[in-house]
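Report on the structure
Here are the chains, one letter per residue:
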Amino acid sequence: MRGAYTLPSMTGYARALVERAGVRVVAEARSANHRYLDVRVRVPDLLAPLEIELRRRVVAAFQRGRVELRVQLERLADAPGGLEVDRGLVRDLLEASRLLREAYGLEGDWSAPALLAYPGVLRPPAAEADLPQSLRELVAQAVERALEALRADRRREGAALAADLGARVERCVRALEALEAHAAGLPERLRARLQQRLAALVAEGGVDPARLAQEVALLADRADVTEEIVRLRGHLDEMRRLLEGGAAETPGRQLDFLLQEVLREANTINAKAAELEISRLALAIKAEAEKMREQAQNLE
């Protein structure tokens, strides 16, 4: 009986909300499949000084996947320092609106809510050093909660994927054991079949034992799959170890490599197969490996 499977997935979603002193911070984190780690951080202008720090937190939490972190401030009524209006930007927007109306006969004008919603019209009153420490801590708390929840979500999905992969690995192991047992008696069966064929072709004098032994040896050597079986067993054992939480920085990528090797060995066995049963078992392993490769691409 194999152990529990613990490999994380690369897909997931989480949301965390923190409120304090009139400020509500909402952090959303979502991730999808990607060959490497691709981090995207979206924050309002007020939190722009924190963007690099938040990116570092995401990089420290994950190895692979496209991870998007979005932070929103829903309320700033009691935040220290308040916000300032960029009067110069407002004047430029109003002047641009007037020119468009005069030049092209356009109707309508800016409203106060529309101006306030325009990026950059509302801005923090000071530079990064003056961003309130209480707000920094609140954002960090919301982001940490969201990232931890995302890790948990990825682990839950990864456990389901890894359990399915583990079941398929065990089916491959059973097929390999049957293949090995069948291949063990192959030389004797080849000898018997070859002897029957040669006996039918020789009208008199029987079959030369030395010539028969030579032909059997040649056929057995061409059909021998011992090396492929040994390598396949090693690959499957390593997959078991990874799926059960064996140390690996990017186990999903290693699984993908191992599955390429499993497919290679299964194809070689099928090409060398001297009997239908050996070919059937090799194709069964190949079919499972192809299904596993699709799923392994979802793992971190």
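Structure: see above.
Let us look at the structure shown here. (Residues numbered from 1 in each chain as written. Predicted model: local features only at pLDDT ≥ 70, side-chain atom pairs only at ≥ 80, totals over all residues. Heavy atoms only, no water.)

A few words on the packing of helix α8 (residues 251–272) against helix α9 (residues 276–296). In contact at an axis separation of 9 Å, α8 and α9 are set at 160° when each is read in the N-to-C sense. Taken together, the axis directions place α8 and α9 in an arrangement best described as roughly antiparallel. Crossing of α8 over α9 shows left-handed handedness. Contact with α8, carried on its side by G252, L255, D256, L259, Q260, V262, L263, A266, N267, I269 and N270, involves I278, S279, A282, L283, I285, K286, A289, E290, M292, R293 and A296 of α9 and no other residues of that element. Residue classes in the contact of α8 with α9 are distributed as 13 nonpolar, 5 polar and 4 charged. (Axes fitted to C-alpha atoms, helices over the stretch in contact; angles between N-to-C directions. Helix = DSSP H or I, 4+ residues; strand = E, 2+ residues; numbered from the N terminus. Parallel < 35°, antiparallel > 145°, perpendicular 65-115°, else oblique. Left-handed = near helix turned anticlockwise from the far one by under 90°. Contact = heavy atoms within 4.5 Å. Nonpolar A, V, L, I, M, F, W, Y, C, P; charged D, E, K, R; others polar.)

This brings us to the environment of V23. Tracing the sequence through the fold places V23 in strand β2 (residues 23–32). The class for V23 is buried, based on a relative accessible area of 5%. Separated by 115 residues in sequence, V23 and L138 place their C-alpha atoms 8.5 Å apart. (Buried < 20%, exposed > 50% of the residue type's maximum accessible area, 1.4 Å probe, protein only.)

To continue, consider the packing of aromatic side chains. Under the definition given, this model contains 1 aromatic pair. Geometrically, the ring pair formed by W110 and Y118 is edge-to-face, given 5.9 Å between the ring centres and 90° between the ring planes. Owing to a relative accessible area of 30%, W110 belongs among the partly exposed residues under this scheme. According to the relative accessible area criterion, Y118 is partly exposed, its value standing at 35%. (Phe/Tyr/Trp six-rings, centres within 6.5 Å; stacked < 30°, edge-to-face > 60°.)

A few words now on the environment of V39. Relative to the elements of secondary structure, V39 occurs in strand β3 (residues 37–42). Taking the relative accessible area as the measure of exposure, V39 reaches 11% and is therefore buried. Along the primary structure V39 and E68 are separated by 29 residues, whereas in three dimensions their C-alpha atoms are 6.0 Å apart. Setting aside chain neighbours within four positions, we find V39 in contact with R55, V58, V59 and V67.

If you look at the biggest cluster of nonpolar residues, it comprises 35 residues, and the most contacted ones within it are L179, L236, M239, L255 and I285. Elements that contribute at least two residues to this core include exactly α4 (133–184), α5 (186–201), α7 (226–243), α8 and α9. Counting residues per element, this core draws most heavily on α4, at 10 residues. Dropping the residues within four chain positions of it, I285 is found in contact with C172, A175, L176, L232, V262 and A266. By size, the runner-up hydrophobic cluster in this structure holds 29 residues, among which are A27, V41, F62 and L73. (Core = buried A, V, L, I, M, F, W, Y, C linked by side-chain atoms within 4.5 Å.)

The next point concerns the pairing of β2. In terms of residue burial, β2 counts as a mostly covered element, since 7 of its 10 residues are buried. Both strand β1 (residues 12–20) and β2 contribute to a ladder of 9 bridges, which runs antiparallel. Bridging across to β2, R20 finds its partner in V23. (Pairing = 2+ DSSP bridges.)

For the rest of this paragraph, the subject is a nonpolar patch on the surface. There is a patch of nonpolar side chains on the surface, built from V85, L116 and L122 and spanning about 220 Å² of accessible area. Checked against the element boundaries, V85 lands in strand β5 (residues 84–85). Looking at V85, the relative accessible area reads 40%, which means it is partly exposed. (Patch = residues over 30% accessible without salt bridge, like charges linked within 9 Å, V, L, I, M, F, W, Y side chains within 5 Å. Areas by Shrake-Rupley, 256 points an atom, 1.4 Å probe, with all protein chains shown as cover. Salt bridge = Lys/Arg side-chain N within 4 Å of Asp/Glu carboxyl O.)

Every buried residue of helix α1 (residues 51–61) is listed here: L54, V58 and A61. Projected down its long axis, α1 shows its buried positions confined to an angular sector of 65°, all on one face. Of the residues in α1, the exposed ones pointing more than 90 degrees away from the buried face are I52, R56 and A60. (Arc of directions from axis to C-beta.)

So, about the pattern of salt bridges. Side-chain pairs of opposite charge can arise where the charged atoms are in close proximity. With the rule as written, the count across this model stands at 28 salt bridges. Of the charged contacts, one joins R168 and D164 as a salt bridge, the two residues approaching to 3.1 Å between their closest N and O atoms. Of this pair, R168 and D164 both sit in helix α4, 4 residues apart, roughly one helical turn. We classify R168 as buried; its relative accessible area is 15%.

Read these as layout, nothing more, since geometry by itself doesn't imply function.
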